[in-house]
Amino acid sequence: MIQVYIVFFKIFVFLALGFVLNKTKVIDLNAEKALSKILLTAVLPFMILNSSQHTYSDAAVNGMITCAAFAVGYYILSLVVLRLSLKKTKIGEDERRIMVTCTVFANTGFVGFPLMEALFGNYGLLLAAVFNLCYNLFFYTYAVYLFSRKPKFRVLEIFKNPVSVASILAIVLFIIPWRMPGFISDTFKLIGDMTVPMSMMVMGSMLASVKIKKLLTDKKAYVVSALRLIILPALMLAAVWGVSFYFPMLPETKSVVVLMCALPCGSMNVMYSENYDVAPHFFRTDGVAFDDIHACNPGVLGMGGKSGILMTRGMLYE
């Protein structure tokens, strides 16, 4: 258990450093964008590729298949239920679309990858890569449809994304199984090790720009955050717990599946909202930042770790 707290201590130090660097004008908006681009196009793919060096086993492959099944089920059910439920409200159509995407599509790449790697090592990262591929499949099809207001599927975008390509290659390399020479994997690891500090520093810098007063008066942000960070993870936890009675699962698989559903709202929602002019004001009131703040508190971050998830060690760990 102490190891989990050590990991979270490191994460909070990086967050605090990013916060301070923003307040002291060392990191500005342009620097945030540059660091984010470097992370997603150069650093993170190397960390994902290095995860393919995890020791091969049938149980690990079964865990990846299980993770994919849970991810697909999560996206199908949550999208259908939320879309139908919000239609009964008086909220405008554009805001309904945004609330659906913000609630369902979390930050599986920027936050999910480094967190899973920090908690569960290479195998946790492999599982996160599988989950993220499912994310991309549904985002570039149904989410793009919601933003564009017409059937405009962009499946090919998946293969233009360095993280997606690295994820596919990592899964293939793991299953073959082919192992890279030590000097290559060590180099990949050295580059990939920058992921956690860099991503958390950028997030800390982003949080430094949040206007707290405006943030706390946005009622819709409360709804999205409650769904995104509490209700959906709790439902996934219950599903994992129930299924594990009939199908044995590795503890890491159970943990990653639940935690990947408990991450803050994904930044792709912001980009597509602006591009298609679909209720961009929802983000200008810091709705996403509200998610990020709650996702960075000890209670939410403490939902997972090698010794338990959501304080239910007895439910997920034998």
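Residues numbered from 1 in each chain as written. Predicted model: local features only at pLDDT ≥ 70, side-chain atom pairs only at ≥ 80, totals over all residues. Heavy atoms only, no water.

**Overview of helix H10 (residues 219–243)**
Under the convention used in this document: Strands are runs of DSSP state E lasting at least two residues, helices are runs of H or I lasting at least four, and both sets are numbered from the N terminus onward. Each residue after the first adds 1.5 Å to the expected span of a helix. To obtain the bend at a residue, axes are fitted to the seven residues ending there and to the seven starting there, and the angle between these axes is taken. Residue exposure (1.4 Å probe, protein chains only): buried if accessible area is under 20% of the type maximum, exposed if over 50%, otherwise partly exposed.
Taking 1.5 Å as the rise per residue, H10 with 25 residues should run 36 Å; its terminal C-alpha atoms sit 35 Å apart, in good agreement. At Leu227, H10 shows its maximal kink, close to 40°. Every buried residue of H10 is listed here: Ala221, Val224, Ser225, Arg228, Leu229, Leu232, Pro233, Met236, Leu237 and Val240.

**Structural notes on the packing of helix H3 (residues 58–86) against H10**
Keep this limit in mind: Inter-axis angles, ranging from 0 to 180 degrees, are taken between N-to-C directions of lines fitted to C-alpha atoms, where helices are fitted over the stretch in contact. The scheme is simple: roughly parallel for angles under 35 degrees, roughly antiparallel for over 145, roughly perpendicular for 65 to 115, oblique for anything else. Left-handed describes a crossing in which the near helix is turned anticlockwise from the far one by less than a right angle; the clockwise case is right-handed. Contacts are residue-level and defined by heavy atoms, with any inter-residue pair within 4.5 Å sufficient. Amino acid classes used here: Ala, Val, Leu, Ile, Met, Phe, Trp, Tyr, Cys and Pro are nonpolar; Asp, Glu, Lys and Arg are charged; the rest, including Gly, are polar.
The N-to-C vectors of H3 and H10 enclose an angle of 130°; their axes lie 12 Å apart at closest approach. One finds that H3 runs oblique with respect to H10. When the axes of H3 and H10 are compared, the crossing they make is right-handed. Two secondary-structure elements touch here, H3 through Phe70, Tyr74, Ser78 and Leu82 and H10 through Leu227, Arg228, Leu232, Met236, Ala239, Val240 and Val243. Of the residues assigned to the contact of H3 with H10, the class counts are nine nonpolar, one polar and one charged.

**Focus: the packing of helix H2 (residues 29–50) against helix H7 (residues 182–192)**
Their axes nearest at 7 Å, the elements H2 and H7 cross at an angle of 135°. One way to sum up the angle between H2 and H7 is to call them oblique. For H2 against H7, the interelement crossing comes out left-handed. Between H2, through Ala42, Val43, Phe46, Met47, Leu49 and Asn50, and H7, the contact on the second element is made entirely by Ser185, Phe188, Lys189, Ile191 and Gly192. Its residues placed into classes, the contact of H2 with H7 shows seven nonpolar, three polar and one charged.

**Details of the nonpolar core**
Test applied: Note on terminology: a nonpolar core comprises buried Ala, Val, Leu, Ile, Met, Phe, Trp, Tyr and Cys residues joined through side-chain atoms within 4.5 Å.
In this structure, Tyr75, Phe105, Phe113 and Phe139 are the most contacted members of the largest nonpolar core, which totals 86 residues. Among the elements that take part in this core, helix H5 (residues 108–148) stands out by supplying 25 residues, more than any other. Each residue touching Phe113, except ones within four places of it in the same chain, is listed here: Leu44, Met47, Ile48, Thr108, Leu125, Ala128, Ala129, Asn132, Val163 and Ser167.

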